[in-house]
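A structural walkthrough
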Amino acid sequence: MTAPALALPQPRGACPGLSAPMATGDGLLVRLLPTGTIALDTFAGLCAAARQHGNGIIEVTSRGSIQIRGLSATTAPRFAAAVATLGITAEDGIPVLINPLAGLDVEDIINAGVLAADLRLALARRSLAQRLSAKVSVAIDGGSALSLDGITADVRLRAEGVDGVAALCVSVGGDGRNAAHLGCVAGRDGVEVATRLLEVLAQRGRVTRVRDVVAAEGIAAFRSAVADLIIHDGAARSQRRFSDAVGIYPLRDGTFAYGIGLAFGHADATSLQRLTEAAEAAGARGMRAAPGRALMSVGVTQQASPSFAAAAAALGFIVRADDPRRHVVACAGAPICASADIAARAIAPQIAAAAAPHLDGSFKIHISGCAKGCAHPAPAALTIVGTSAGCVLISNGSTRDAPFKVVVTNELPAAIAEIARGIKHEDDHV
């Protein structure tokens, strides 16, 4: 890829692409959405560039994007040039999200990566990105072990076997559980279906999202747009069991992918560079970013996986899906984010430790520095929102819902432990 010209920092609500950094409390932030495996030496080069041109903090988001923090107006174009030199293939335009092991997973029904590449080309030819909100996205789930059911998207295509044939179940405006089902189409029609649905959205204006259209008009316009391509109109399949990216997964070539989590979504570039060295020692050939703030080392041998996991754990990464830090979502918080009222990421380890003895993985805690809820827009069992008056606590809701309690920040861990004990006690007596 070539280094794009640097644009002015983007306003809040936009997406901070490589050529359009976003101003935050710790400088400029850019986001990459890699479209395939990043070779280990290339990933190490990315870490070195983040350290040289930024503050050395690298994040993996809930959707599997890689974010580089602490850039400046001077260093951001230099970082873009470094990425171009490294040859990292990253998405530009409407985000098309795919399974993190697409094309490699033994359980793939279709290769979501191939379909996504065709769709990106079609969308670029129609210049749809210029007519849609920067937040609009498409999810293509190829049917692998690591599903995209937990990802919210405007348009969703999910591979399923229908009457013995691989088909794509189409839905709009939500995640795998609550998106509105439109029917199933043949795999060959995936690009056409997604393009038609986005055209319907574009006709409603630059800032409109599918959920807005569904709330105001229902799904009739979307259903009508693809009616001639529907081959099966049965009810949507129930949500698949969600598989955490953390852990070991078999690949088609007989090797494995080992997923490790970034505690609260971030790590320093030096630790990531050392993780790359450990992956190379374990036989891996590359890295893939995964939804859920994880990285997958691709090509690890089964014999070397225990030593790789031990090395990753020693570096502070999450190697078990039941790690308490895996169930606490925190944004960057103050002072890293200029909008935040609390240091969400800084207090997250204390919250995880306070809740760990009492809760299992089914209980998710979201710590948000402000009411925007960027790190986890969906409801959580317990949502904590920083305000100028303290931390408000919301039960089974998102940052937009009404709180049941307000706690001063320094008393938050004790309050969370008490709440967690109460929930555990109720569960034990059900």
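Placed above this text is the structure.
In this text the structure is predicted, and so the values were computed from the model without any measurement.

1. Observations concerning the packing of aromatic side chains
For the structure on display, the rule yields one aromatic pair. Ring centres 5.7 Å apart and planes at 70 degrees place the aromatic pair Y258 and F308 in the edge-to-face group. In this pair, Y258 sits in strand β13 (residues 256–261) while F308 sits in helix α8 (residues 305–314), placing the two residues 50 residues apart along the sequence. Of the two residues examined, Y258 and F308, each falls in the buried class.

2. Some remarks on the packing of helix α1 (residues 40–53) against helix α7 (residues 269–281)
Close contact between α1 and α7 brings their axes to 9 Å; oriented N to C, the two are set at 170 degrees. Regarding the angle of α1 to α7, the classification is roughly antiparallel. In contact with L40, F43, A44, C47, A48 and R51 of α1, α7 contributes A269, T270, L272, Q273, T276, A279 and E280. The residue makeup of the contact of α1 with α7, split by class, is eight nonpolar, three polar and two charged.

3. A look at the pattern of salt bridges
This structure, assessed with the given rule, holds 18 salt bridges. Across the pair R126 and E199 runs a salt bridge whose closest N-O atoms are separated by 3.8 Å. Within this pair, whereas R126 is found in the loop between α3 (112–125) and β7 (138–141), its partner E199 is found in helix α4 (residues 190–202), the two being separated by 73 residues in sequence. The exposure class assigned to E199 is buried, which follows from its relative accessible area of 17%. Taking the shortest distance from any N to any O, the salt bridge between D149 and R158 comes out at 3.2 Å. By relative accessible area, which is 10% here, R158 ends up buried. Via salt bridges that share partners, R126, R131, E192, R196, E199 and D228 belong to a single interconnected network.

4. A closer look at empty space enclosed by the protein
Tallied over the entire structure, the rule returns one cavity of 30 Å³ or more. The computed volume of the largest cavity comes to approximately 210 Å³. Lining the largest cavity are 16 residues, with L33, P34, I98, P100 and A289 sitting closest to its centre. When residues of the lining of the largest cavity are assigned to their parent elements, the largest contribution, three residues, is made by strand β6 (residues 96–98). Per-class residue counts for the lining of the largest cavity are eight nonpolar, four polar and four charged.

Calculation rules
Residues numbered from 1 in each chain as written. Predicted model: local features only at pLDDT ≥ 70, side-chain atom pairs only at ≥ 80, totals over all residues. Heavy atoms only, no water. Phe/Tyr/Trp six-rings, centres within 6.5 Å; stacked < 30°, edge-to-face > 60°. Helix = DSSP H or I, 4+ residues; strand = E, 2+ residues; numbered from the N terminus. Buried < 20%, exposed > 50% of the residue type's maximum accessible area, 1.4 Å probe, protein only. Axes fitted to C-alpha atoms, helices over the stretch in contact; angles between N-to-C directions. Parallel < 35°, antiparallel > 145°, perpendicular 65-115°, else oblique. Contact = heavy atoms within 4.5 Å. Nonpolar A, V, L, I, M, F, W, Y, C, P; charged D, E, K, R; others polar. Salt bridge = Lys/Arg side-chain N within 4 Å of Asp/Glu carboxyl O. 1 Å grid on protein atoms, 1.4 Å probe; cavity = no way out; pocket = protein on both sides within 12 Å on 5 of 7 lines; lining within 4 Å. Points joined across faces, edges and corners; volume = space filled by probe spheres on them.

The values reported here are purely geometric and, on their own, carry no functional implication.
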